[in-house]
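Residue strings, one per chain:
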Amino acid sequence: PVPDLAQDNLIPALHLYFDTQLEDLKEAYREGSGKDLFTWLCMCAIHSDLTWDLTLSMGTALGQVRKMPLTTPALVAKLSMLPWFRKGSIPKDVRCELIELLPNTDLQLAQQVLLNMVRENPPPPASYASAEHQLKLHILEAELNPGIRRHLQVMQEIQDFALNHEVEDPMITHYLHHHPRVL
């Protein structure tokens, strides 16, 4: 059954959910068997909105790296049974926790997939979303191509953005947490 997403031990409950498979119409628990599905969920958490395009792109990319098909109907169904995918978002505190659990190589893969999608889907110019879109684009580029000069530019952009906007997006706060301001 789908875990209660309001419980205190959410991450272990998600592991248990993904590690439990249906075999001969009976549930069978196999520790670690849902690891890739859990990683896929964590990768989806780097963006504030859960869209099917993003979800399937993340699953396809992870499946290619793992050399196994992840976007099968059974696995997509298991992932989509989580209410977050029907609602279209994961709560911010859970997103932050899931992002922190991603190994660096999987985080970079997710950032690359998201970067491609952000580049391909810009909001209308001069719209409210345009400033945040540009900031996210620059953060993803800086994460994938690190350097002190680029880091300082992005930090200045975040500071400028914060003057007129509330900074709540976990992707931005994750960047700030892992790249403290250089004096």
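Quick caveat: nothing in here was measured; it's all calculated off a predicted structure. (Residues numbered from 1 in each chain as written. Predicted model: local features only at pLDDT ≥ 70, side-chain atom pairs only at ≥ 80, totals over all residues. Heavy atoms only, no water.)

Examining unusual backbone geometry
- You will see that lysine 67, though not glycine, has its phi angle at about 60°, which is positive.
- With respect to the helices and strands, lysine 67 occurs in the loop between α3 (52–66) and α4 (73–80).
- By relative accessible area, which is 75% here, lysine 67 ends up exposed. (Helix = DSSP H or I, 4+ residues; strand = E, 2+ residues; numbered from the N terminus. Buried < 20%, exposed > 50% of the residue type's maximum accessible area, 1.4 Å probe, protein only.)

Side note on empty space enclosed by the protein
- In the structure shown here, the tally under the stated rule is one cavity of 30 Å³ or more.
- In this structure, the largest cavity spans a volume of roughly 70 Å³.
- Of all the secondary-structure elements, those providing two or more residues to the lining of the largest cavity are α7 (104–120), α8 (128–144) and α10 (170–178).
- When the residues that make up the lining of the largest cavity are grouped by side-chain class, the tally is seven nonpolar, two polar and one charged. (1 Å grid on protein atoms, 1.4 Å probe; cavity = no way out; pocket = protein on both sides within 12 Å on 5 of 7 lines; lining within 4 Å. Points joined across faces, edges and corners; volume = space filled by probe spheres on them. Nonpolar A, V, L, I, M, F, W, Y, C, P; charged D, E, K, R; others polar.)

Quick notes on the pattern of salt bridges
- Evaluated as defined, the whole model comprises three salt bridges.
- Glutamate 141 is paired through a salt bridge with arginine 119; the nearest N and O atoms lie 3.2 Å apart. Of this pair, glutamate 141 sits in helix α8 while arginine 119 is found in helix α7, placing the two residues 22 residues apart along the sequence. (Salt bridge = Lys/Arg side-chain N within 4 Å of Asp/Glu carboxyl O.)

With respect to the packing of helix α9 (residues 148–164) against α10
- In contact at an axis separation of 12 Å, α9 and α10 are set at 130° when each is read in the N-to-C sense. On the basis of their axis angle, the class for α9 and α10 is oblique. The way α9 lies across α10 gives a crossing that is left-handed. Residue-level inspection shows His151, Val154, Met155, Ile158 and Phe161 of α9 in contact with α10, the latter providing Ile172, Tyr175 and Leu176.
- Considered class by class, the residues forming the contact of α9 with α10 number seven nonpolar, one polar and no charged. (Axes fitted to C-alpha atoms, helices over the stretch in contact; angles between N-to-C directions. Parallel < 35°, antiparallel > 145°, perpendicular 65-115°, else oblique. Left-handed = near helix turned anticlockwise from the far one by under 90°. Contact = heavy atoms within 4.5 Å.)

Things to note about the confidence of the model for the protein
- A residue-level look at the protein finds 91% of positions with pLDDT of 70 or above and a mean pLDDT of 83.
- Across the protein, element-level confidence peaks in α3 with a mean pLDDT of 95 and bottoms out in strand β2 (residues 26–29) with 62. (pLDDT = per-residue confidence, 0-100.)

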